Amino acid sequence: MLKQLEKVEQRWGGVNNLIDHWLKNRRKLLINYCKIAGIPPYEATQKSLPGVILVKEFCDQLMDYVSEGHFEVYDQVVTACEKNGESSKALAQNLVPRISETTDSALDFNDKYTESEDDKVLFQLDKDLSSLGHAMETRFELEDKLLEVLHTKHS
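Residues numbered from 1 in each chain as written. Predicted model: local features only at pLDDT ≥ 70, side-chain atom pairs only at ≥ 80, totals over all residues. Heavy atoms only, no water.

1. Section: the packing of aromatic side chains
Per the counting criterion, the structure on display carries 5 aromatic pairs. With a centroid separation of 6.1 Å and 50° between ring planes, the pair formed by tyrosine 33 and phenylalanine 58 is classed as tilted. With tyrosine 33 in helix α2 (residues 17-37) and phenylalanine 58 in helix α3 (residues 52-82), the pair connects residues that are 25 residues apart, well separated along the chain. Phenylalanine 58 shares its class with tyrosine 33; the two are buried. What links up through ring pairs into an aromatic cluster is the set Tyr33, Phe58, Phe109 and Tyr113. (Phe/Tyr/Trp six-rings, centres within 6.5 Å; stacked < 30°, edge-to-face > 60°. Helix = DSSP H or I, 4+ residues; strand = E, 2+ residues; numbered from the N terminus. Buried < 20%, exposed > 50% of the residue type's maximum accessible area, 1.4 Å probe, protein only.)

2. With respect to the nonpolar core
Ranked by size, the top nonpolar core spans 38 residues in total, and within it Phe58, Leu62, Phe109, Tyr113, Met136 and Leu146 carry the most contacts. If you list the elements that add at least two residues to this core, you get α1 (2-12), α2, α3, α4 (86-115) and α5 (125-154). By residue number, the principal contributor to this core is α3, which donates 11 residues. The residues touching methionine 136, leaving out its near neighbours within four places in the chain, are Met1, Leu29, Leu30, Tyr33 and Phe58. (Core = buried A, V, L, I, M, F, W, Y, C linked by side-chain atoms within 4.5 Å. Contact = heavy atoms within 4.5 Å.)

3. Overview of the pattern of salt bridges
Inspection of the entire model under this criterion finds 5 salt bridges. The shortest N-O distance in the salt bridge between lysine 127 and aspartate 128 comes to 3.5 Å. Residue classification places aspartate 128 among the buried residues on the basis of a relative accessible area of 12%. Between glutamate 143 and arginine 139 there is a salt bridge, with the nearest N and O atoms lying 3.1 Å from each other. Of this pair, glutamate 143 and arginine 139 both sit in helix α5, separated by 4 residues, roughly a single helical turn. The exposure class assigned to arginine 139 is buried, which follows from its relative accessible area of 4%. (Salt bridge = Lys/Arg side-chain N within 4 Å of Asp/Glu carboxyl O.)

4. Points about empty space enclosed by the protein
Applying the stated criterion across every chain yields a total of 1 cavity of 30 Å³ or more. Its boundaries defined by the atoms lining it, the largest cavity holds a volume of some 50 Å³. Lining the largest cavity, in full, are Leu29, Leu62, Tyr65, Val66, Thr102, Ala106, Leu132, Ala135, Met136 and Arg139. Of all elements in the fold, only α3, α4 and α5 reach the threshold of two or more residues within the lining of the largest cavity. If one sorts the elements of the lining of the largest cavity by residue count, α5 sits on top with 4 residues. (1 Å grid on protein atoms, 1.4 Å probe; cavity = no way out; pocket = protein on both sides within 12 Å on 5 of 7 lines; lining within 4 Å. Points joined across faces, edges and corners; volume = space filled by probe spheres on them.)

5. Re the confidence of the model for the chain
Summary statistics for the chain give a mean pLDDT of 83 and a share of 86% for residues scoring 70 or more. Put simply, α1 is where the chain has its lowest mean pLDDT, 71, and α2 is where it has its highest, 88. (pLDDT = per-residue confidence, 0-100.)

This is the structure:
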């Protein structure tokens, strides 16, 4: 996912402030995902679970990223697409609900790891991170299609 983000940043970075801000937040989210998942270059030297506080901080960041997309970015992109013809409008109307489907995974993950009082929930973290990672990858691919529309039509 980080390699794909680098490609996206090279393609659209510096073109639009909204895109730059969104990609910056995506990078932070992915780095923290890699840290709690123990993915290189952030693998732990000892095989241990990440701390609950680190997981909860990741959850906060995940919710901020998801919220920013839904309440700021997508609205602007959809509005812009509606102004640029039926094909752009149809694409946006197709993509946003598909992106929203991935939100459920993020919300479920957040609820599980922020509401739990028991550290034993961390024993399920690897499985849950894998599922979340798949949803994030799908989400980023769909968001990139929206970014392409924004870049193509409004740069």
